[in-house]
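Below, each chain spelled out in residue letters.
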Amino acid sequence: MQRIERIREFGGWLNRYTHDSKTCRCSMTFSVYLPARSEHVRVPAVYFLSGLTCSDDNVRVKAGAQRYAAELGLALVMPDTSPRGEDVADAADRYDLGQGAGFYVNASRSPWAAHYQMFDYVNLELPALLERELPLLVGRRSITGHSMGGHGALISALKYPGHWHSVSAFAPVCNPIHCGWGQGCFGAYLGDDQTTWRDWDATELILAGAQPIPLLIDQGTDDEFLSDGQLRPEALIVACQQRGFDLRLRMQPDYDHSYHFIATFIGEHLAYHARALEE
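Residues numbered from 1 in each chain as written. Predicted model: local features only at pLDDT ≥ 70, side-chain atom pairs only at ≥ 80, totals over all residues. Heavy atoms only, no water.

J.: Looking at this structure, I do not really get the packing of helix α2 (residues 65–72) against helix α9 (residues 259–278). What am I missing?
T.: Running from N to C, α2 and α9 cross one another at 30°; their axes reach a closest spacing of 9 Å. Here α2 lies roughly parallel to α9, going by the angle between them. Of the two elements, α2 crosses α9, and the hand of that crossing is right-handed. When α2 is examined against α9, the residues Ala 65, Tyr 68, Ala 69 and Leu 72 are found in contact with a partner set consisting of Ile 266, Gly 267, Leu 270, Ala 271 and Ala 274. Tallied by class, residues from the contact of α2 with α9 come to 8 nonpolar, 1 polar and no charged. (Axes fitted to C-alpha atoms, helices over the stretch in contact; angles between N-to-C directions. Helix = DSSP H or I, 4+ residues; strand = E, 2+ residues; numbered from the N terminus. Parallel < 35°, antiparallel > 145°, perpendicular 65-115°, else oblique. Left-handed = near helix turned anticlockwise from the far one by under 90°. Contact = heavy atoms within 4.5 Å. Nonpolar A, V, L, I, M, F, W, Y, C, P; charged D, E, K, R; others polar.)

J.: For this particular structure, what's the right way to read unusual backbone geometry?
T.: Backbone geometry follows two general trends: most residues other than glycine have a negative phi, and most peptide bonds adopt the trans configuration. At the junction of Ser 110 and Pro 111, the peptide bond is cis and its omega measures out at 0° in the coordinates. Of note, Pro 111 is situated in the loop between β5 (75–79) and α3 (118–133). Of note, the phi angle at Arg 25 is positive, near 55°, even though the residue is not glycine. By the secondary structure assignment, Arg 25 is in the loop between β2 (12–21) and β3 (26–34). A relative accessible area of 58% means that Arg 25 is categorised as exposed. Not every positive phi belongs to a glycine, and Ser 147 is a case in point at roughly 60°. (Buried < 20%, exposed > 50% of the residue type's maximum accessible area, 1.4 Å probe, protein only.)

This is the structure:
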């Protein structure tokens, strides 16, 4: 784990690191904001999973999250969205598959399986590394994300009950087995047997009996990907109603899919996670 950048922000430090990932079998980059409080005591962490075409750089530059993390005494962990490198499989002619589009699953199909193990990376390898090397409280972590990253946050909390203290999402891909983005990536990463896709779909995990956890989701009404069927929050609503899940889905009038939307509500999400991490 090598620090490659250090920037002073809001009394704390925004750090960027690289490390050789055993899970993804390549060099991975991530950013961590450490509030001033972490200079004296270990602090809880909130992980933010970014969306298609993004990296750790998008959220740390555009969301304005570090100001709120500093005030709340939270570390903010910002992983990349996929493995990267010359030896890592890619689909250069597509933005929605390959590097920048890991979809937070463990790929089982060649050539993707060699590196695209993003679920295990985010849920197992990265927390273990950071809680060993940085002043983070062991096991005191929550997760959120945007779009593809919102999907990643939801399935992480549903597949690993108790591993995350709380979960939220911004405009998540709620039912990927029934949208173009999800079908394209799942077919490539997981193969043609669509029954296996359900293990990586938040709506299907809830219907299949996942342990209930409160879900906080913000969705803009003017989101272009809501209208074209990529996000499908209506399917998640039905699943939560059938299973008795505590779903707080806030439809935010006039907001789109951009970081303007995320920046507006990121403070509320971090405060939500801070309360959960205190319990």
